[in-house]
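Residues per chain, in single letters:
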Amino acid sequence: MTTYLIRRVLWIIPVMLLVALITFTLMHQAPGGPWDRDLNRRQVDASTQEMLNRQFGLDKPLFFNFEGEHILDSQFFNYIGNAVQGDLGPSYRQRGRMVQDVLFEPPKNKPIWDSKFGYSMRLGLLALTMAAIFGIPLGILAALKRNTIFDYSALFISTIGISVPSFVLAIFLIIVLAGQLGILKIIQRDWSNPAAWLVPATVLGFGTFAYITRLTRSSMLEVMGQDYIRTARAKGLGGRVIITRHMLRNALIPVMTIMGPALAGLVTGSFIIESMFGFPGSGREYVLAISNRDYSMIMGTTLIYALLIVLANLTVDIMYGFLDPRIKVN
Amino acid sequence: MTTVAQTHSTTGKPTPKPPSAAPGDLAQTLTRPPRSLWRDAWSRLIRNKAAVLGAIIILFFVFVAIFASSLAPHNPLQIHSGQGFLPPMWVEKSATGKAGTPEFPLGTDNLGRDVLSRVIYGARVSMVVGFIPTIIIVIVGVTIGLTAGYRGGAIDNLLMRITDIVYAFPDLLFFIIVMTALRNTAIGQFLNGLFLLFVALALVNWVGMARLVRGQVLALKERDFVLASQAVGSPHRRIMLRHILPNSLGVIIVAMAFLIPGAIITEAILGYLGLGLRPSTDPNDIFITSWGSLLLEGQAAINNQPWLLLAPAICVALVVLSFNFLGDGLRDALDPRLRE
């Protein structure tokens, strides 16, 4: 188990390097550099550009430096080296700011969770909590009342939730709540009010809610057919004890293990919802970076998101090892 | 197809008893002719109302996509000046104070272009984006999956390592990066940017298909009918194409039914981000606008003309839901054992 875990953790390094390599290579196919085409600011003249390039090491070769002192003294390997130390380079569009500051630095005198990334993380957590609070009981009830109208409605709702993308749901909700009923302001300015978070979190978490419902239901059904449930019934245990002690404890293992990846999926997948609702998180920043062609910002955010997903997938493997002793790793 | 029926007879309806029974029994058992797996699956599928409804809606949109130029009431690019932001025909007074006319059933956009016609042309892009990458994915994924599963060894190992990397890369982020970076290159401009989208979708999704087929092959390889075929000296190629592939078809078809809506959603998201199809200005183009691009345009006019946003959103939801119902139905029909 330990060797497996170590191997599993070490495997992250080549995966992240390749993700970085692919992103880096693709980003450098795009036209334009960091110092040009900024319509909002004064244009930078050629000699200043040259100076800035030298300062940030952008005059070096892309991958291998055959002429310099060190072969790895290149843009890519310097980027990796800096990224490992938490330096994702300057933003190409938000001049004077570093990518990591845009994402992780909170406004003055505010706690760290008021940073852009902190906002996205909290929105994702809220969406996941809501999805679990509604999804798990619904899945359990659907399994216990199998093949009833209740079960069919739960399945129908979860099919809709799984298939219809969240931004389409967001469009319907925005038009109904903001346009027709006038309950919601289309573009929220004040996110300090917790009620404002409910609508985007609901939309964001609906797919996860549907997935959790389905997973809980099928996992419950599987457990309900096991021999130990029959044994528990045979020795005269009451229905409630069987459900809570014997069924839930086993049926919820797969549900618990997907929580990590689900959170990662919500945080990295919230960018459309964030920009639709004007939510000030890292996802909206990412969409802005795309439309501004802020390549270093896109690259940095992608790497952070990929790392989040890789780590979340790692937690699944670790959790399974602890929660389910039947799993033996070879 | 008969091979499939024989090898899969365990999952089909019970075959008639061997003629060793009494002559009276024989007549009785032969009243029901033997049926193939596909026949069985078909009869299960058409009994599934949700799947049939899904299939009808999909066929409707395919029809709309093919005959878009005859079905659209207006040219989707024609600007009707002075008739911008008209509401749908059933609205008598909109937010902008205008009344809808039957001439523009779903109203017009800011330039006075007919929304219904634009949505009809958008169906074309969505269908193409759904089907073409899926065909590429199936061809590449099945070939590599078959070889990796059957031969094993280096190609199998390589496939598994590639899978690790592709699964770590958030696929939507990959599409975004590819589309941003290569948008202005020659390949990014080919077919108004659609070609690049096909390539990106195929690059990510063939891996899942290959892995799926590989798993099927590994399970089927151990079955007796493959062993029997090997024993009589069939070449590997024949075993793969005549025995293993037909028996994996069910799983491949179900996977296709879920790949297509995934691609349609991806196009809508990329279009919404302004990274999808480049909206065309040439009325002779086949691909003029897409549901994703329409969503982007509609976003700006959410107060003035919500149908700019609603119409493509409803279409995306309807098509995606239909494919999911059909996919669920196909899974239940092709492999009843998988039923939850």
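Residues numbered from 1 in each chain as written. Chains lettered and ligands numbered in written order. Predicted model: local features only at pLDDT ≥ 70, side-chain atom pairs only at ≥ 80, totals over all residues. Heavy atoms only, no water.

Between chain A and chain B, the contact holds 43 residues from the first and 42 residues from the second. Where chain A abuts chain B, roughly 3,700 Å² becomes buried across the two surfaces, and 81% of that area is made up of carbon and sulfur atoms. The largest contributions to the chain A side of the interface with chain B come from A:L26, A:F167 and A:I175, which together make up 14% of the buried area. At the junction of chain A and chain B, the tally comes to 1 salt bridge. With its nearest N and O atoms 3.6 Å apart, the salt bridge here joins A:R214 to B:D328. In this assembly, chain A and chain B are joined by 0 residue pairs in polar contact (both at pLDDT 80 or more). At the level of secondary structure, the elements contributing two or more residues to the side of chain A that touches chain B comprise α2 (12-27), α7 (149-163), α8 (166-180), α9 (195-224), α13 (271-277), α14 (282-292) and α15 (295-323) of chain A. (Contact = heavy atoms within 4.5 Å. Buried area = accessible area lost by both parts, 1.4 Å probe. Salt bridge = Lys/Arg side-chain N within 4 Å of Asp/Glu carboxyl O. Polar contact = N/O pair within 3.5 Å; in protein donor to acceptor, adjacent residues only side chain to side chain. Helix = DSSP H or I, 4+ residues; strand = E, 2+ residues; numbered from the N terminus.)

A separate point is the environment of A:D73. All names here are of chain A. Take D73: it is sitting in the loop between α3 (46-55) and α4 (75-84). When its relative accessible area of 24% is taken as the criterion, D73 is described as partly exposed. Sequence separation between D73 and K60 is 13 residues; the distance between their C-alpha atoms is 7.6 Å. (Buried < 20%, exposed > 50% of the residue type's maximum accessible area, 1.4 Å probe, protein only.)

Residues and elements named next belong to chain A. Under the domain assignment, chain A is made up of domain 1 (2-104) and domain 2 (112-284 + 311-323). Contacts between the two partners involve 8 residues from domain 1 and, on the opposite side, 10 residues from domain 2. Buried surface at the junction of domain 1 and domain 2, summed over both partners, amounts to about 740 Å²; 71% is from carbon and sulfur atoms. Three residues, R8, L103 and F104, lead the burial of domain 1 against domain 2; their summed loss comes to 58% of the area buried on that side. Counting across the interface, domain 1 meets domain 2 through 0 salt bridges. (Domains from an automatic or database assignment.)

Time to look at the nonpolar core. Counting residues in each nonpolar core, the largest one holds 165 residues, and the members touching the most others are A:F167, A:M276, A:F277, B:I176, B:L273 and B:W291. Taken domain by domain, the makeup of this core includes at least three residues from each of domain 1 (2-104) and domain 2 (112-284 + 311-323) of chain A. Judged by nonpolar contacts, the second largest core, of 18 residues, contains B:V142, B:Y150, B:V217 and B:L220. (Core = buried A, V, L, I, M, F, W, Y, C linked by side-chain atoms within 4.5 Å.)

This paragraph deals with the packing of helix α13 (residues 291-300) of chain B against helix α14 (residues 307-334) of chain B. Residue and element names in this part refer to chain B. Closest axis-to-axis distance for the α13/α14 pair is 8 Å, and the angle between their directions is 145 degrees. Judged by the sense of rotation from one axis to the other, the crossing of α13 with α14 is left-handed. For the pair formed by α13 and α14, the contact residues are W291, L294, L295, G298 and Q299 on the first element and L308, L309, P312, A313, C315, V316 and V319 on the second. The residue makeup of the contact of α13 with α14, split by class, is 10 nonpolar, 2 polar and no charged. (Axes fitted to C-alpha atoms, helices over the stretch in contact; angles between N-to-C directions. Left-handed = near helix turned anticlockwise from the far one by under 90°. Nonpolar A, V, L, I, M, F, W, Y, C, P; charged D, E, K, R; others polar.)

One pass over the structure, following the stated rule, counts 9 salt bridges over all chains. A:D151 serves as the salt-bridge partner of A:R217, at 2.7 Å between the closest nitrogen and oxygen. Here A:R217, found in helix α9, pairs with A:D151, found in helix α7; they are 66 residues apart in sequence, far enough to count as distant. With respect to class, A:R217 is no different from A:D151; both count as buried. Across the pair B:R331 and B:D328 runs a salt bridge whose closest N-O atoms are separated by 2.8 Å. Of this pair, B:R331 and B:D328 both sit in helix α14, 3 residues apart, roughly one helical turn. Judged by relative accessible area, which is 26%, B:R331 ranks as partly exposed. B:D328 sits in the buried class, given a relative accessible area of 15%. Connected through salt bridges with shared partners, the residues A:R214, B:D328 and B:R331 form a single ionic network.

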